[in-house]
Amino acid sequence: MLLTSRFLAVVIFFIGVFVLVPWLIEVSGRWDFYYTLTSVALLSIASAGVWLTFYIGRINIGQGAYALAGGYLSAVLVTQYEVSFWLTIPLAGLFCAVLSVLIGLPILRLKGVYFAMITLVLTEVAKLTALALPITNGAKGIVSIPLPGELSVFGMTIIPDFSTLENVKLAFYYLAVTLMVICFAGMYRLVNSRMGHLCRSLQQNEELASSIGVNITTLRITAYAISSFLGGVGGSIFVAISQSIYPTSFQVADSINFMLNVFVGGLGYVFGPMLGTVVIYFGWDLLFQTGKFQLLIYSSILILLMLTVPNGLLSLRLFKWNKEKK
Amino acid sequence: MSALLEVKSVTKKFGGLTANKDISFAVQEKEILSVIGPNGAGKSTLFKMISSFLRTTSGEVLFKGERISNLAPHIVARRGVVRTFQETTIFKSMTVRENVVIAHHLRSKTNLLGFYMGSRRAHIDETEFRRSADEILEFLNLSEISGELASTLPQGHLRALGIAIGLATDPKILLLDEPFAGMNHDETMRTVELVSGVRDRGVTVLLVEHDMPAVMKISDRIVVLNFGEKIAEGTPQQIQQNEQVIEAYLGSEDDSIGL
């Protein structure tokens, strides 16, 4: 029963994002929605990373730094070394993972607000680094990045050259959503594997975890590296969509938004970041009608949400299979 | 009989304060050895150094002849020297059973990737851990509450859960941190039986404790600390008659050391 209803939910989700959404956009002619939804998918990938650092008990407000680093790596490789964009996606992720190990080794020893403060600074540091380095072209950024080329394996074309496509927006939408699905499937597996249990033990009591033989340093760094990997992947695709990157492409505000997505969705739920990103992104856009009151209403709603549903929207258990889980 | 655990001239200084001064003793296999002493005698400090939660200033701790002091706590735990905590240190938002299952981590032969991929080895481990967790819960009379959230447990159960977590790691020597603190007489007696039961499973026990009657009842040997120094070592009878020990406890009630 549990298994079938969950399976059903997955099928409905797939039909929704891969068939229903493109069809609705086709019918309504709101092509701009592709860009919005693609952004949501990419932001939710980066937010999933932030969620994982929360899962090991660390407040992470530095995902913007890794999104920026991943974005720049992809942009530099594509424009200056003519590496295939498709290859730069995993490379951006790996680059960020390695970077996060180097940064994480010292800073992951900190807890609570101290770790949060350091990560908050990271985004600003990333921005200043991008401004200062010659390879990133300073404040002018890197522009007119070509669209993703063709991806072929053994002469078989898997993904056609984006510049030959009629509808690039749809292609990007499919790309982002596919990656989001892979990302969240991976996260779901992680959380429900023994590694997820160990992460929870770390979140609840690091001292006790180490006394039962958990190598807390390795586990913390692994989780943080996965988190940053996702940030880098998200960033690299963003660059391909906007075909440009500037030091201000990801700022402190973006880092905070990643964290908010996670909070609003629910810290205890793998799919929290996905829901949170949708709600926050669309919520902000809908409030645009209210003009100068936009920020006021937005913040008030957020405060209310924190007060009334501190465990996130998913804790409301609106869905049947969620109830059965309990 | 060779010693399982040896504490060799261990000294710990916090700035100008000497918490432990040149302490040496040995724990034999399958015995229950208690470290006692008035408040501030340096028991907890010593305990933390043995489990490598604190670094020693000088001296070393040997387990089966190998140094285990000044390593990372998880490495010491992997060697088989496992500590328990006082009641507040548990995985609060997991159930009792989950607490014990996760504590089997040490016995796992799979690495992180194996966990993630759900390898066959990991599956076998997981089934085995659940069975073993149930056995330990049964042994500690916790079976009935195995589904309860750990944060809702009363103190007596929490203590037992702490011991269960320790046992789950399959330790060679279990370090118990004040297992009787804050318990009434009945609870203490039950826990005394529990600890004896743990020893009967083949686990050596080193405990740090305040509660004199319990310590006298349960221990094979006792080490007494006062102001950071070892002042006596011997069987409960010897300790009860030791003049220095009586002096150290003067001012406290006579019956507190069983006189």
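Our structure is the block above this text.
Residues numbered from 1 in each chain as written. Chains lettered and ligands numbered in written order. Predicted model: local features only at pLDDT ≥ 70, side-chain atom pairs only at ≥ 80, totals over all residues.

1. Examining the interface of chain A and chain B
- On the side of chain B, 25 residues touch chain A, which itself brings 21 residues to the contact.
- Sorting the residues of the side of chain A that touches chain B by element identifies helix 6 (168–192), helix 7 (194–204), helix 8 (206–211) and helix 9 (216–242) of chain A as the ones contributing at least two each.
- The element best represented in the side of chain A that touches chain B is helix 7 of chain A, accounting for 7 residues.
- A per-class count over the side of chain A that touches chain B returns 7 nonpolar, 10 polar and 4 charged. (Contact = placed C-beta atoms within 7 Å. Helix = DSSP H or I, 4+ residues; strand = E, 2+ residues; numbered from the N terminus. Nonpolar A, V, L, I, M, F, W, Y, C, P; charged D, E, K, R; others polar.)

2. Quick look at the sheet that holds strand 2 (residues 17–28) of chain B
Residue and element names in this part refer to chain B.
- The antiparallel open sheet is built from 4 strands, whose spatial order is 2-1-4-5. One side of each edge strand has no neighbouring strand; the edge strands of this open sheet are strand 2 and strand 5 (66–67).
- Alignment of strand 1 (residues 3–14) against strand 4 (residues 58–63), held across 5 bridges, turns out to be antiparallel. Within strand 4, the residue paired with Glu 6 across the bridge is Leu 62. (Pairing = 2+ DSSP bridges.)

3. A word on helix 1 (residues 43–50) of chain B
- Taken across its 8 residues, helix 1 of chain B has 6 buried, putting it largely inside the fold.
- Residue Ser52(B) follows helix 1 of chain B closely and has a positive phi angle near 65°. (Buried ≥ 20, exposed ≤ 12 C-beta atoms within 10 Å, placed from the backbone.)

4. What to know about the nonpolar core
- Membership of the largest hydrophobic core comes to 153 residues, with the highest contact counts inside it found for Ala69(A), Val100(B) and Ala164(B).
- Composition of this core by domain shows at least three residues from each of domain 1 (1–80 + 173–178 + 206–259) and domain 2 (82–170) of chain B.
- Contacts of Val100(B), omitting those with residues within four sequence positions, involve Ala133(B), Ile136(B), Leu137(B), Ala164(B), Ile165(B) and Ala168(B). (Core = buried A, V, L, I, M, F, W, Y, C linked by C-beta atoms within 7 Å. Domains from an automatic or database assignment.)

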